[in-house]
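Reading the structure
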Amino acid sequence: MTASTTIQKSNSVFNQKVLGSRRLSNYFWATVVLLGAGGFLLAGLSSYFQKNLLLVTDPTQLVFVPQGLVMGIYGVAGLLLATYLWLAIVWDLGGGYNEFNRDAGQVKIFRWGFPGKNRRIEIDCSTEDVQSVRVEIKEGLNPRRALYLRVKGRRDIPLTRVGQPLSLEELETQGAKLAKFLEVPLEGL
């Protein structure tokens, strides 16, 4: 699955779908955290009630204070983290699309946020205000490869997903296509 798939409806509308938190890696980690936290919580409860609640080991031999209590606290903390991860997946945080319409002269950036008053994050501007498409490449321990839209009177608007960086080839291809479509320069390469 790619970071963002480009869909072109016509010669005048350019759409990019942006993948949010519904990534395979997020499903994997949410499941691992949920299973691990459940195991810790069951081990802590088994220690307290002196009844084996696990299939693979017998935690009834643990002394409740401090071992069983600490395992139970780890389990509760892990369940809270797993709940957050699953809710982020359900809400598709960061998912959305970028739409560039030459006929209407409009740019629309849409992302899903946390539920509440500002669940829908929308940025609208004119295509005439777009100055350039900027590529940011930062290597090292925390690599960052992203596309930004440089707009008059605004901060740079991120166009790519957060998380796993795009490959250099994909980043360059997306940036070049968008810059050509908008007829603006591509900066940062």
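Computed from a predicted structure; not experimentally measured. (Residues numbered from 1 in each chain as written. Predicted model: local features only at pLDDT ≥ 70, side-chain atom pairs only at ≥ 80, totals over all residues. Heavy atoms only, no water.)

Considered as a void within the structure, the largest pocket measures approximately 290 Å³ in volume. Lining the largest pocket are 18 residues, and of these Gly 94, Arg 111, Pro 158, Thr 160 and Val 162 sit closest to its centre. Residue assignment for the lining of the largest pocket shows that the elements contributing at least two residues are strand 4 (106–112), strand 5 (120–126) and strand 8 (157–158). Considering only residue class, the lining of the largest pocket consists of ten nonpolar, five polar and three charged. The calculated volume of the second largest pocket comes to roughly 220 Å³. Contributing to the lining of the second largest pocket are 14 residues, with Arg 144, Ala 146, Arg 161, Val 162 and Gly 163 lying nearest its centre. Ranked by residue count, the leading element in the lining of the second largest pocket is strand 7 (residues 144–151), at four residues. (1 Å grid on protein atoms, 1.4 Å probe; cavity = no way out; pocket = protein on both sides within 12 Å on 5 of 7 lines; lining within 4 Å. Points joined across faces, edges and corners; volume = space filled by probe spheres on them. Helix = DSSP H or I, 4+ residues; strand = E, 2+ residues; numbered from the N terminus. Nonpolar A, V, L, I, M, F, W, Y, C, P; charged D, E, K, R; others polar.)

What follows covers the domain arrangement of the protein chain. Here the protein chain is partitioned into domain 1 (24–91) and domain 2 (96–187). Between the C-alpha centres of domain 1 and domain 2 there is a distance of 40 Å. (Domains from an automatic or database assignment.)

Below, the discussion takes up the UniProt feature "transmembrane region" (unreviewed entry) in the protein chain. UniProt records the feature "transmembrane region" (unreviewed entry) for residues 27–49 and 69–91 in the present numbering. The distance from the first to the last C-alpha atom of residues 27–49 is 33 Å, and the span holds 100% helix and 0% strand. (UniProt positions renumbered as here; feature names shortened; annotations may be inferred.)

Spatially, the four strands line up as an open sheet ordered 8-7-6-9, and their pairing is mixed. A single partner strand is all that each edge strand has here, and the edge strands are strand 8 and strand 9 (186–187). In this structure, strand 6 (residues 130–138) lies alongside strand 7, joined through eight bridges in antiparallel fashion. Counted as the bridge partner of Val 133 is Leu 149 from strand 7. Where helix 3 (residues 168–182) meets the sheet, its contacts fall on strand 6, strand 7 and strand 9, and the angle it forms with strand 6 comes to roughly 175°. (Pairing = 2+ DSSP bridges. Contact = heavy atoms within 4.5 Å. Axes fitted to C-alpha atoms, helices over the stretch in contact; angles between N-to-C directions.)

Within the structure shown, the criterion is met by ten aromatic pairs. One aromatic cluster in this structure is built from Phe 14, Phe 100 and Phe 181. Directly above the aromatic system of Phe 181 lies the positively charged group of Arg 102, at a separation of 4.2 Å from the ring centroid. The ring of Tyr 148 has Arg 134 sitting right over it, with the charged end atom 4.5 Å from the ring centre. (Phe/Tyr/Trp six-rings, centres within 6.5 Å; stacked < 30°, edge-to-face > 60°. Lys NZ or Arg CZ within 6 Å of the ring centre and 35° of its normal.)

In the segment running from Val 65 into Pro 66, the intervening peptide bond is cis, with an omega of 10°. Within the chain, Asp 92 stands out as a residue other than glycine whose phi angle is a positive 55°. When you line up the elements, Asp 92 lands in the loop between helix 2 (64–91) and strand 3 (96–101). Taking the relative accessible area as the measure of exposure, Asp 92 reaches 16% and is therefore buried. The backbone of Glu 183 shows a phi angle near 60°, a positive value even though the residue is not glycine. The residue Glu 183 is located in the loop between helix 3 and strand 9 in this model. (Buried < 20%, exposed > 50% of the residue type's maximum accessible area, 1.4 Å probe, protein only.)

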